[in-house]
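# Close look at the chain arrangement
Chain residues, written in single-letter form:
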Amino acid sequence: MKAGRNLRKAPMRQTIELIGEFGILLRDSVAAIGPSLFRGRGSRLSWRNLWLQMNRIGIDSLPIVILVMASIGAILAMQMAPELAKFGMVPVTAEVVALATFREMGPLVSAVVLTGFGGSAIAAEIGTMVVGEEIEALEAHAIDPVRFLVVPRLLACIVMMVCLTVVGDLAAIAGGMLIGGMFLHLNPVQFYEHAVKLLTVGDFVTGLIKAAVFGLEISIIACFLGLKVRGGAQGVGINTSRTVVMTIVALIITDLFFTTIFFYLGV
Amino acid sequence: MPREPMIELKGLRKSFGDQVLYDGLDLQVFPGETLVIMGGSGSGKSTLLRILMGHLPYDEGSVLIHSHELQDFSRRELNAWRLIVGVLFQTGALFNSMSLRENLALPVREHTDLPEELIQIMIKIYLQLVGLRESIDRMPSELSGGMKKRGGLARALMMQPRMLFYDEPTAGLDPVSSAQIAQLILDLKKKMDVTSIVITHDMKAAFEVADRMALLAGKRFHLIGTPEEFRTSKDPLVRQFVDGLLEGPLSPQSDQQAYEADLLHRDTD
Ligand SMILES: Nc1ncnc2c1ncn2[C@@H]1O[C@H](COP(=O)(O)OP(=O)(O)OP(=O)(O)O)[C@@H](O)[C@H]1O
Ligand SMILES: [Mg+2]
């Protein structure tokens, strides 16, 4: 209620303040990564905590990413094959599937799935901690919530995004292979050979860079909106759904940005 | 002997939006004493603890910790301050994703290099002290409100604080547990020389533990004095609060007219 009134009062100022706070969280979290990895007591990262987060975020997402990416590989193959057949270039289907997957679909789809599983869970969990005075309790024990809560989730999301993307890429190729074998008279070996023919290290690496940045984005937006929760269970719900929507929008915009840069650089 | 106050409030003002919570709070807390703060629900007692912990900014006036302005503390100084203070939050504020054992272990693991066996022994000692040793491996969701609060107290004690802030330590406890906690507060003062600020509505416990008392009413401290002064004070407001009287300055008679107007106004909407 109150936030709504303030928003009407000075939407511009509110927005700028919000972006500022977001920037500060981003800066603080990134700055805390180094010390938490290499320094000792009082600032160290809990490895157990990191492992826990990776498991929680990644394990749920893995089967979904495999399923979705395999389907996308198959869909791409079926969409492209008839067009390419007109020019007698059916085997090029493999190249198209590989290229689209590695450069674009792999990172993006993995990120969307991870937003659904990881991002929303992170926002809800941290939001609940805010409501239960747990963040204040951490601070009262001189434990920095950014280091203790944000950094492990951030690292977990980045690592899991890269892993999920690699797995997703492979699943898409497998999906394409299946269609190739069933309908296009391309056996898996031929499909594989065509797939790797056009692919460069650059395609693979740009995909993974995107994946890492997406991971950062998912975790930081979720943590930010989680920490911003006000006003009980309702606030947790609002910010959790907001996290999903805002993250997906941010992902697409970043993707556009990256693609433009890669386009100009010619990678 | 002139004593140097550990904490000193001077003309403290705090507001949330348009709502002014207090204006001109003055208070001194001396080393080794137990100060009880009383006040009606919503008078801003918990908020005062938050300010003292550096969780909330204040508008005007000063909060001096050993004569240093709290608002000017660096990150490092603030953490040093937070490490010597143990806080019992009103709800206990246990970490819900961790068992009671993990809750108690966390601050010690974070801030010291004590061997794990020693940490486990400390956990049992402090849980025994608050009567929760059997619940050591329970999750907070499996504890009652009073148990959570006692767990929160045990956690606050793990770092051997020199100062303790209790937010309603006995609210929601049965009379026996309540008496145990009051005894614990006294013991900590006697044996470990901790300085305490105790927020409570529980008059029995308040008079048991207090060296001095302060009553928060009408945006400032209405009276600060010894328990004896509170017992014998003729001030109607103090009498009403201490004796729990229905009639008195704290009763919202002046609200009556506004209330009626509000009701009638709503009706015509
Ligand atoms: N973060 C906040 N934003 C806005 N208002 C707040 C905030 N925190 C507290 N308040 C308001 O400040 C007032 C005092 O709250 P506080 O929790 O300090 O009361 P209290 O004296 O501890 O009461 P109780 O005895 O019921 O615990 C309340 O009216 C509350 O609505
Ligand atoms: Mg309170």
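In this report, we go over the structure that sits alongside the text. (Residues numbered from 1 in each chain as written. Chains lettered and ligands numbered in written order. Predicted model: local features only at pLDDT ≥ 70, side-chain atom pairs only at ≥ 80, totals over all residues. Heavy atoms only, no water.)

## Looking at the site of ligand 1
All names here are of chain B. In the neighbourhood of ligand 1, 14 residues make up the surrounding shell, with Ser41, Lys45, Ser46, Thr47 and Gln90 lying closest. In the model, an oxygen atom of ligand 1 is placed 3.3 Å from a nitrogen or oxygen of the Ser43 main chain. A distance of 3.2 Å separates an oxygen atom of ligand 1 from a polar side-chain atom of Glu168. About the coverage of ligand 1: the protein hides 64% of its 640 Å² of free accessible area. Per-class residue counts for the shell around ligand 1 are 2 nonpolar, 10 polar and 2 charged. (Near = heavy atom within 4 Å. Polar contact = N/O pair within 3.5 Å; in protein donor to acceptor, adjacent residues only side chain to side chain. Areas by Shrake-Rupley, 256 points an atom, 1.4 Å probe, with all protein chains shown as cover. Nonpolar A, V, L, I, M, F, W, Y, C, P; charged D, E, K, R; others polar.)

## Quick look at the pairing of strand 7 (residues 163-167) of chain B
All names here are of chain B. With 5 of its 5 residues buried, strand 7 lies for the most part within the structure. Judged from the 4 bridges that link them, strand 6 (residues 85-88) and strand 7 form a sheet pairing that is parallel. Across the sheet, the residue bridging to Val85 is Met163, located in strand 7. As paired elements, strand 7 and strand 8 (residues 195-199) share 5 bridges and run parallel to each other. The residue bridging Leu164 from the neighbouring strand is Ser196, located in strand 8. In terms of handedness, the path from strand 7 via helix 6 (residues 175-192) over to strand 8 forms a crossover that is right-handed. (Buried < 20%, exposed > 50% of the residue type's maximum accessible area, 1.4 Å probe, protein only. Helix = DSSP H or I, 4+ residues; strand = E, 2+ residues; numbered from the N terminus. Pairing = 2+ DSSP bridges. Right-handed = clockwise from strand over helix to strand, strands pointing away.)

## Structural notes on the nonpolar core
One broad rule of soluble globular proteins: the nonpolar side chains tend to lie buried together. Residue and element names in this part refer to chain A. If you look at the biggest cluster of nonpolar residues, it comprises 55 residues, and the most contacted ones within it are Met69, Leu114, Ile122, Val150, Met161 and Ile218. Mapped by element, the contributors of at least two residues to this core are helix 2 (11-38), helix 3 (47-86), helix 4 (92-131), helix 6 (145-183), helix 7 (188-198), helix 8 (201-227) and helix 9 (232-265). Here this core takes 14 residues from helix 6, the largest share from any one element. For Ile218, the residues in contact, after removing those within four places along its chain, are Ala111, Leu114, Thr115, Gly119, Cys157, Met161, Thr247 and Leu251. (Core = buried A, V, L, I, M, F, W, Y, C linked by side-chain atoms within 4.5 Å. Contact = heavy atoms within 4.5 Å.)

## A closer look at the coordination of the magnesium ion (ligand 2)
Residue and element names in this part refer to chain B. Ligation of the magnesium ion (ligand 2) by protein atoms is provided by Ser46 (OG) and Gln90 (OE1), these donors lying 1.9 to 2.2 Å from the ion. One end of the pair, Ser46, is in helix 1 (residues 45-52); the other, Gln90, is in the loop between strand 6 and helix 3 (100-111), with 44 residues separating them in the sequence. Judged by its relative accessible area of 18%, Ser46 falls in the buried class. The class of Gln90 is partly exposed, set by a relative accessible area of 32%. (Donors = N, O, S within 2.8 Å, 3.2 Å for Na, K, Ca; no water.)

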